[in-house]
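Take a look at the letters that make up each chain.
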Amino acid sequence: QVQVVESGGGLVQAGGSLRLSCAASGSIFSINAMGWHRQAPRKQRDLVADINSGGSTTYADSVKGRFTISRDNAKNTVYLQMNGLKPEDTGVYYCYARVAGTRTYWGQGTQVTVSS
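All of the points below concern the structure found in this document.

Definitions and limits used
Residues numbered from 1 in each chain as written. Predicted model: local features only at pLDDT ≥ 70, side-chain atom pairs only at ≥ 80, totals over all residues. Heavy atoms only, no water. Helix = DSSP H or I, 4+ residues; strand = E, 2+ residues; numbered from the N terminus. Rg over C-alpha atoms; globule rule 2.2 N^0.38 Å. Buried < 20%, exposed > 50% of the residue type's maximum accessible area, 1.4 Å probe, protein only. Contact = heavy atoms within 4.5 Å. Lys, Arg positive; Asp, Glu negative; His and termini not counted. Charge placed at Lys NZ, Arg CZ, Asp CG, Glu CD. Disulfide = S-S within 2.5 Å. Core = buried A, V, L, I, M, F, W, Y, C linked by side-chain atoms within 4.5 Å. Pairing = 2+ DSSP bridges. 1 Å grid on protein atoms, 1.4 Å probe; cavity = no way out; pocket = protein on both sides within 12 Å on 5 of 7 lines; lining within 4 Å. Points joined across faces, edges and corners; volume = space filled by probe spheres on them. Nonpolar A, V, L, I, M, F, W, Y, C, P; charged D, E, K, R; others polar.

Broken down by element type, the protein chain carries 0 helices and 11 strands. Scaling as 2.2 N^0.38, a compact globule of 116 residues should have a C-alpha radius of gyration of about 13 Å, and the protein chain matches this with 13 Å. Dimensions of the protein chain, computed from C-alpha atoms along their principal axes, come out at roughly 45 × 25 × 20 Å. Expressed as a percentage of its 116 residues, the buried residues of the protein chain come to 41%. If you take every contact in the protein chain between residues at least 6 apart in sequence, the share linking residues at least 24 apart comes to 53%. Of the side chains in the protein chain, 12 bear a positive and 7 a negative charge, and the two mean positions are spaced by 2 Å.

Here we come to the state of the cysteines. Applying the stated criterion across every chain, the model contains 1 disulfide. Paired by a disulfide, Cys22 and Cys95 hold their sulfur atoms 1.9 Å apart. An S-S torsion of about -95° defines the bridge between Cys22 and Cys95 as left-handed. Of this pair, Cys22 sits in strand β3 (residues 18–26) while Cys95 sits in strand β9 (residues 91–99); the two residues are 73 residues apart in sequence, bridging distant segments of the chain. When sorted by exposure, Cys22 lands in the same class as Cys95, which is buried.

With that out of the way, let us pick up the nonpolar core. Within the largest apolar cluster, 29 residues are counted, with the highest numbers of intra-cluster contacts made by Trp36, Leu80, Met82 and Tyr93. When contributions to this core are tallied by element, the ones reaching two or more residues are β1 (2–7), β3, β4 (31–39), β5 (45–52), β7 (67–72), β8 (77–82), β9 and β11 (110–115).

Turning next to the environment of Leu20. Tracing the sequence through the fold places Leu20 in strand β3. If sequence neighbours within four positions are ignored, Leu20 has contacts with Ser7, Gly8, Gly9, Trp36, Val78, Tyr79, Leu80, Met82, Tyr93, Thr110 and Val112.

This brings us to the environment of Cys22. Residue Cys22 is classed as buried on the basis of its relative accessible area, which comes to 0%. Residues Cys22 and Val4, spaced 18 residues apart in sequence, show a C-alpha to C-alpha distance of 6.8 Å.

Turning our eyes to something else, we now look at the pairing of β8. Within a regular strand, the side chains alternate between the two sheet faces. Relative to β8, β3 runs antiparallel, the two sharing 6 bridges. Residue pairing across strands places Leu20 opposite Leu80, the latter belonging to β8. Relative to β8, β7 is paired through 6 bridges, and the arrangement is antiparallel. Directly across from Ser70, in β8, lies its bridge partner Tyr79.

Turning our attention to the layout of surface pockets. Counted as a void, the largest pocket has a volume near 200 Å³. Along the walls of the largest pocket sit Arg38, Ala40, Pro41, Lys43, Gln44, Asp46, Leu47, Val48, Ala60, Ser62, Glu88 and Thr90, which together make up its complete lining. In terms of residue count, β5 provides more of the lining of the largest pocket than any other element does, 3 residues in total. Looking at the lining of the largest pocket residue by residue, the classes come out as 5 nonpolar, 3 polar and 4 charged.

One can find Val78 in strand β8. Residue class for Val78 comes out buried when judged on its relative accessible area of 0%. In contact with Val78, other than residues within four places in its own chain, are Leu20, Ser21, Cys22, Met34, Trp36, Ile51, Ile69, Ser70, Arg71 and Cys95.

No statement about biological role is implied by the geometric values presented.
This is the structure we're talking about:
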């Protein structure tokens, strides 16, 4: 089994910043990609950012230019630097790790709340 643990969420004012961290551990042989989805209240869960093992990144249009995803492959850890936060960024951020064999493991979620 693989465990995925997020940290770094919290409450910030609009325009502020947060840095999320996510570490995968357990019976991992190879991770193909890691990233975050988020679920805003009463809305579907959507991709926020993804980074594969080669460093290629994907961002939701709504966060481009404000969020930066990075990784430390040796530590199976990924970071999401979130700047210029907006109230619409509020939600639960779920980290995931896609491993060899197309399995996907999810973290428990970390709450991000942005007040105006």
